[in-house]
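Okay, here's what each chain looks like letter by letter:
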Amino acid sequence: MSVAGWDESDLEATMRQQWFDEARFGMFVHFGLYSGAARHEWVQNYERLTDEDYRQYFENFDPDRFDAREIARRAKATGMGYVVLTTKHHDGFALWDSRLTDFTSMVACGRDLVREYVDALRAEGLRVGLYHSVIDWHHPDFTVDWNHPRRDDENAHALNEGRDMARYREFLHGQVRELLTGYGDIDYLFFDFTYPESQQGWAGKGPEDWDAEKLLAMCRELQPAMLVNDRLGIPADFVTPEQYQPTAPIVAADGSAQVWEACQTLNGSWGYHRDNTDQKSATLLVQMLADSVSMDGNMLLNTGPDGRGAIPPRDVATLSAIGEWMSLHRDAIVGAGHADFTPPREGVYTRRGDRLYLHLFSWPLGFVHLPELAGKVTYARLLNDGSWLKTSQTDPDQVAGLMTPAGEAEGTLTVHLPVRRPDVLVPVIELRLADGI
């Protein structure tokens, strides 16, 4: 089948990502045994903890304040359209009632947290995302490599004697099958992660270690409408820059546009880290969100519930502030994307249909000058309160005088601004474009 030069796989991919392109903003939730350790989700790796060392967090796992309904409501109130929960991180601990291991939340505390989470998201009308690590430091057949906590043990290479990655692959595929067959429709699957390069005398792990092609094919078979990320080491539906912001729309080697999502933390840690107070401001995070959407990307913003399962107060405060901004500026983010206009130095553009949105990262004195937009805008207003803004054009040949600015380049639209900046995290000017623009 072909439509306008597209084959069936192109059409399927477009249908899969339609909701994703619309939502633009999601919540990542990292929760597991490491939350009780409260020292970063890689604590077992960083501190070279043995299974015996790490066992105390399993035996004392008591998420009495993990409320999936509150997480879903918080995400919705923040203006997010989807949530992604860690079903299993690198430590191998499963947050669902897996039949393939006893290293689960059901055994530890008698709760299937994935079930609670999926039900809560559906009740709030949010899209359901699952994170699943292809790494598993707990599994006896997962071979020691340069990411493994046991890599610095005496005679560490001997630890791989008897380990069989084929058996681990069977386990990995089996757990993914459980998640994709036991919880209804899943919208999004975030695999994590592939590292084929060698380091420190150890081999890494690549797509062949996961049998990535077969694993992705199973995902397509069981959940054909589900988006899958790129971290199996093979192309899938979208790419996932982490902890940095791209500076332009992302394109593939052949020049084609790529669907992408920037994964960002509130404080540099994914799992709860009690003593990490390097919290990003709500203003910076809104700027990062607008920046992502301006380049046709999404932003997945993480929170790490504490050892009892509650979203930390510092995260609640930041998310609440973002939510207040989103309640006024939702149209500039949700359903918006890249605009083919040159923004002024003060900010970035997003576009939604015939509306162009200027997100002002800095507030200029009196005026903002918009290249290429003269004659193309029929109305301008501040989005937060809907207040009209005067627009004008300056004679390009106007000579600067003592109290007269020089003219602006031909085609520039000038928007007149109040001296006092609106009391919002990031002011947004909505520009209604003329027909055909």
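Residues numbered from 1 in each chain as written. Predicted model: local features only at pLDDT ≥ 70, side-chain atom pairs only at ≥ 80, totals over all residues. Heavy atoms only, no water.

Another aspect to go through is the packing of aromatic side chains. Geometry of an aromatic ring pair is reported as the spacing of the ring centres plus the angle between the planes. The final tally for this structure, using the stated rule, is 26 aromatic pairs. Taking 5.7 Å as the distance between ring centres and 50° as the angle between the ring planes, the aromatic pair formed by Phe-20 and Tyr-82 counts as tilted. One end of the pair, Phe-20, is in helix α1 (residues 8–23); the other, Tyr-82, is in strand β4 (residues 82–88), with 62 residues separating them in the sequence. Just as Phe-20 is buried, Tyr-82 falls in that class too. Seen in terms of ring centroids, Phe-20 and Phe-238 are 5.1 Å apart; in terms of plane orientation they differ by 40°. Their pairing is tilted. With a gap of 218 residues between them, Phe-20 in helix α1 and Phe-238 in the loop between β7 (227–228) and β8 (260–264) connect regions that are remote in the sequence. A network of ring pairs unites the aromatic residues Trp-19, Phe-20, Phe-28, Tyr-82, Tyr-131, Tyr-188, Phe-190, Phe-238 and Trp-270 as a single cluster. The residue whose ring lies beneath Lys-205 is Phe-142, and the NZ or CZ to ring-centre distance is 4.3 Å. (Phe/Tyr/Trp six-rings, centres within 6.5 Å; stacked < 30°, edge-to-face > 60°. Helix = DSSP H or I, 4+ residues; strand = E, 2+ residues; numbered from the N terminus. Buried < 20%, exposed > 50% of the residue type's maximum accessible area, 1.4 Å probe, protein only. Lys NZ or Arg CZ within 6 Å of the ring centre and 35° of its normal.)

Attention now goes to the pattern of salt bridges. Pairing of side chains with opposite charge becomes possible as their charged atoms draw close. For the coordinates displayed, the defined rule picks out 26 salt bridges. Ionic pairing is found between Glu-124 and Arg-73, a salt bridge with its closest N-O pair at 3.5 Å. With Glu-124 in the loop between α7 (113–123) and β5 (127–133) and Arg-73 in helix α5 (residues 68–77), this pair connects stretches of sequence that are 51 residues apart. Overall, Arg-73 belongs to the partly exposed group, its relative accessible area being 44%. (Salt bridge = Lys/Arg side-chain N within 4 Å of Asp/Glu carboxyl O.)

Here four strands make up an open sheet; going across it, the order is β10-β11-β16-β13 and the pairing antiparallel. Where the open sheet ends on each side, the last strands, each with one partner, are β10 (347–352) and β13 (377–382). Averaged over all pairs of adjacent strands, the angle between their axes in this sheet comes to 20°, without regard to strand direction. Looking at chain direction, strand β11 (residues 355–360) and strand β16 (residues 428–433) are connected through five bridges and run antiparallel. From the neighbouring strand, Tyr-357 faces β16, where its bridge partner is Glu-430. Taken strand by strand, helix α11 (residues 282–294) contacts β10 and β11, and its axis lies near 55° from that of β10. (Pairing = 2+ DSSP bridges. Axes fitted to C-alpha atoms, helices over the stretch in contact; angles between N-to-C directions. Contact = heavy atoms within 4.5 Å.)

Time to look at the packing of helix α8 (residues 165–181) against helix α10 (residues 212–222). Here α8 crosses α10 at 15°, and the two axes come no closer than 10 Å. One way to sum up the angle between α8 and α10 is to call them roughly parallel. Crossing of α8 against α10: the hand is right-handed. Residue-level contacts link Leu-172, His-173, Val-176, Arg-177, Leu-180 and Thr-181 of α8 to Lys-214, Leu-215, Met-218, Cys-219 and Leu-222 of α10. Class assignment of the residues belonging to the contact of α8 with α10 gives a composition of seven nonpolar, two polar and two charged. (Parallel < 35°, antiparallel > 145°, perpendicular 65-115°, else oblique. Left-handed = near helix turned anticlockwise from the far one by under 90°. Nonpolar A, V, L, I, M, F, W, Y, C, P; charged D, E, K, R; others polar.)

By the element assignment, Ser-133 lies in strand β5. The spacing of Ser-133 and Asp-192 is 59 residues in sequence and 4.6 Å in space, taken between C-alpha atoms. Apart from residues no more than four positions distant in its own chain, Ser-133 is found in contact with Lys-88, His-89, His-90, Leu-172 and Asp-192. Side-chain polar atoms of Ser-133 contact the side chain of His-90, separated by 2.7 Å. (Polar contact = N/O pair within 3.5 Å; in protein donor to acceptor, adjacent residues only side chain to side chain.)

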